[in-house]
Amino acid sequence: MGKEKRKNRLDKGNVGVSSGEFIGFGAFATETATSGPSNVSGQVKLRCSPVYTGSDSILSIQFKKIGQKKDGSTKAKALEQVKKFFEDDLQSKKEQAKALEHLIFLYHAKLNYDDFSAVRCESLLALAAARNRVSKAWATLLDQEPEVFGMVWCASSDPSLEVRLASQKLLKDASKKAWWNGLWRYVSRMLGYGRPKNMFEELFARRSDNAPMTDSEREELDERYERLLVTTISGLTTWMEKFPETEEQLSSRYDNFITDSILWKALTSSRSPFRRASYQLLGTMCQHQKSVVYGPVGSKSLPKLFSSIVAQEKEAANIQALFEVLLLYLKFYNADELKVEDIVKSLNKVLKKACYSASPSFWGPAVLPLLVSIGEDHLILSILRSMLEGRSATIGLSDHLSITCFAAE
């Protein structure tokens, strides 16, 4: 009885997130999912389950392999068998719905985070087969675990091509923007971890003896954390590009539900891939979600943050993305909130270092538009002087001449 009450409280807690509940995009809500547990064939109540409650003995063995084995090849083969089970028209839909209850639980708790791309790919293909076969059960269970949609959406930005292609099979009805809630929940949770250790303690098996991780385990965790965070940020960037806000529809404004600055958290990360992905996200939002970037949420933090963002960037691979987001941000900034002098001061330090050996062909074309956006003569002259001074830090004659040409423009 106590467990049932706790379960009900958890289900009620999944209804909304204080800063992420979506309240707009009503025009896209033509295919809403059924809320709460529903009946399949009038008999079976559906609920995501940590154990397989069906009666198929062969499938039970496959699920044990998926949930308990560490070998990626073994799990991928088992998932392929699960997919075939859903593709079999002779199987009872009631049994397939029971299998989907457990598969969605496994995907949400484990499979989405798996290090092996084949496991992530096969799990998505199995879910797609299930969605095609028992679509009502899929809609009902996804309503209970909306984060699954966020995971599937972000999988479209996975570093593995096979995973990206597999995710497309589940995104055919992704125009249902009411599913934004699931994506925002997932993004908020992943960004909220802050460091690999927090993610490990929350998601993965805890050690009963509190033994410290080995160097190889720690390195593996760091790689997993980096992949997941970059994939998450890139997935959100794709969403923002696909579903921009419109001035005509106030309900579509993203500042209606993004009410904190968690999106800017990775801009100052010590990890270069996090910063690069965040630059791309912010650049996209400067174009398509202005209500967030230039509204109350962005105005509280971004003007003060930008100068430090520019000053800290010393990774050559990030310079192009940095210049692009800086250009996009300055296009619509509020002069009363942003001290352009501070940004120019930080920018000059980067230019004097020849952008840390980044090819001028990547960042040079952005200089002239930047000068136009800045507009003040003394600041423009300081930037040009810094560019010319930076020629002494170039590696070859080609870069030296390229900087001269861009400065001459």
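Residues numbered from 1 in each chain as written. Predicted model: local features only at pLDDT ≥ 70, side-chain atom pairs only at ≥ 80, totals over all residues. Heavy atoms only, no water.

A.B. asks: I'm lost on helix 12 (residues 272-288) in this one. Help?
C.D. replies: Each turn of an α-helix holds 3.6 residues, which means side chains three or four residues apart point in the same direction. The first and last C-alpha atoms of helix 12 sit 25 Å apart over 17 residues, in line with the 24 Å expected at 1.5 Å per residue. Counted residue by residue, helix 12 has 12 buried out of 17 residues, so it is predominantly covered. Regarding helix 12, the residues found buried are Ser272, Phe274, Arg275, Ala277, Ser278, Tyr279, Leu281, Leu282, Gly283, Thr284, Met285 and Cys286. (Helix = DSSP H or I, 4+ residues; strand = E, 2+ residues; numbered from the N terminus. Expected span 1.5 Å × (residues − 1). Buried < 20%, exposed > 50% of the residue type's maximum accessible area, 1.4 Å probe, protein only.)

A.B. asks: Looking at this model, I keep getting lost on unusual backbone geometry. Mind explaining?
C.D. replies: In terms of backbone geometry, most residues other than glycine have negative phi values and most peptide bonds are trans. For Tyr356, which is not a glycine, the phi torsion comes out positive at approximately 55°. Here Tyr356 is to be found in the loop between helix 16 (340-352) and helix 17 (360-363). Since its relative accessible area comes to 23%, Tyr356 is described here as partly exposed.

A.B. asks: When you look at the pattern of salt bridges in this model, what are you seeing that I'm missing?
C.D. replies: Here the idea is simple: oppositely charged side chains can pair when their charged atoms come close. Counting across every chain of the model gives 11 salt bridges. With a closest N to O distance of 3.9 Å, Arg227 and Asp115 form a salt bridge. Of the two residues, Arg227 is situated in helix 11 (residues 215-242) and Asp115 in the loop between helix 4 (93-109) and helix 5 (117-133); the sequence distance between them amounts to 112 residues. Taking the relative accessible area as the measure of exposure, Arg227 reaches 14% and is therefore buried. Its salt-bridge partner being Glu147, residue Arg189 comes within 2.6 Å of it at the nearest N-O pair. (Salt bridge = Lys/Arg side-chain N within 4 Å of Asp/Glu carboxyl O.)

A.B. asks: How should a negative patch on the surface be read in this particular structure?
C.D. replies: On the surface, Glu341, Asp342, Glu376 and Asp377 cluster together to form a negatively charged patch. Mapped onto the secondary structure, Glu376 falls in the loop between helix 18 (367-374) and helix 19 (377-389). Glu376 sits in the partly exposed class, given a relative accessible area of 32%. (Patch = residues over 30% accessible without salt bridge, like charges linked within 9 Å, V, L, I, M, F, W, Y side chains within 5 Å. Areas by Shrake-Rupley, 256 points an atom, 1.4 Å probe, with all protein chains shown as cover. Lys, Arg positive; Asp, Glu negative; His and termini not counted. Charge placed at Lys NZ, Arg CZ, Asp CG, Glu CD.)

A.B. asks: Quick question: what am I supposed to make of the packing of helix 15 (residues 319-331) against helix 16 here?
C.D. replies: Helix-helix packing is described using two parameters, namely the angle between the two axes and the distance between the axes. With their axes 13 Å apart at the nearest point, helix 15 and helix 16 run at an angle of 155° to one another. As judged from the angle between their axes, helix 15 and helix 16 are roughly antiparallel. Seen from above, helix 15 lies across helix 16 with left-handed handedness. Of helix 16, the residues touching helix 15 (which contributes Ile319, Phe323, Leu326 and Leu330) are Ile343, Leu347, Val350 and Leu351. When the residues that make up the contact of helix 15 with helix 16 are grouped by side-chain class, the tally is eight nonpolar, no polar and no charged. (Axes fitted to C-alpha atoms, helices over the stretch in contact; angles between N-to-C directions. Parallel < 35°, antiparallel > 145°, perpendicular 65-115°, else oblique. Left-handed = near helix turned anticlockwise from the far one by under 90°. Contact = heavy atoms within 4.5 Å. Nonpolar A, V, L, I, M, F, W, Y, C, P; charged D, E, K, R; others polar.)

A.B. asks: Whenever I open this one, the confidence of the model for the protein chain confuses me. Can you help?
C.D. replies: Of the residues in the protein chain, 85% have a pLDDT of 70 or more, and the chain-wide mean is 84. This stretch, residues 1-43, has a pLDDT under 50; its non-local contacts, to residues over four places away or in other chains, come to 61 contacts. (pLDDT = per-residue confidence, 0-100.)

A.B. asks: Is there a simple way to think about the nonpolar core in this case?
C.D. replies: Among soluble globular proteins, nonpolar side chains are generally buried collectively. If you look at the biggest cluster of nonpolar residues, it comprises 122 residues, and the most contacted ones within it are Leu100, Trp180, Leu263, Trp264, Phe323 and Trp363. With nine residues, helix 5 is the largest single contributor of residues to this core. Those residues within four positions of Trp264 in sequence are excluded, and the remaining contacts are Leu282, Met285, Val292, Val293, Val297, Gly298, Ser301, Leu302 and Leu305. (Core = buried A, V, L, I, M, F, W, Y, C linked by side-chain atoms within 4.5 Å.)

A.B. asks: Which parts of the structure should I look at to understand a positive patch on the surface?
C.D. replies: A surface patch of like charges, here positive, comprises Lys345, Lys349, Lys352 and Arg385. The dominant element in the positive patch, judged by the number of residues it contributes, is helix 16, at three residues. Note that Lys345 resides in helix 16.

A.B. asks: Even after reading the chapter, I still don't get the packing of helix 16 against helix 19, so can you show me in this structure?
C.D. replies: Where helix 16 contacts helix 19, the axes come no closer than 8 Å and their chain directions differ by 15°. The angle between the axes of helix 16 and helix 19 places the two elements in the roughly parallel class. Relative to helix 19, the crossing made by helix 16 is right-handed. In contact with Val340, Glu341, Val344, Leu347, Asn348, Leu351 and Lys352 of helix 16, helix 19 contributes Leu379, Ser382, Ile383, Ser386, Met387 and Glu389.

A.B. asks: I keep staring at the packing of aromatic side chains and nothing clicks. Help me out?
C.D. replies: Each aromatic ring pair is characterised by the separation of its centres together with the angle its planes make. Inspection of every chain in the model, using the stated rule, returns 17 aromatic pairs. Aromatic pair Tyr254 and Phe257: ring centres 5.2 Å apart, planes at 55°, arrangement tilted. Here the two residues Tyr254 and Phe257 agree in accessibility, since each one is buried. Every member of this aromatic cluster is reached through a ring pair, and the members are Phe149, Trp153, Trp180, Trp184, Trp239, Phe243, Tyr254 and Phe257. (Phe/Tyr/Trp six-rings, centres within 6.5 Å; stacked < 30°, edge-to-face > 60°.)

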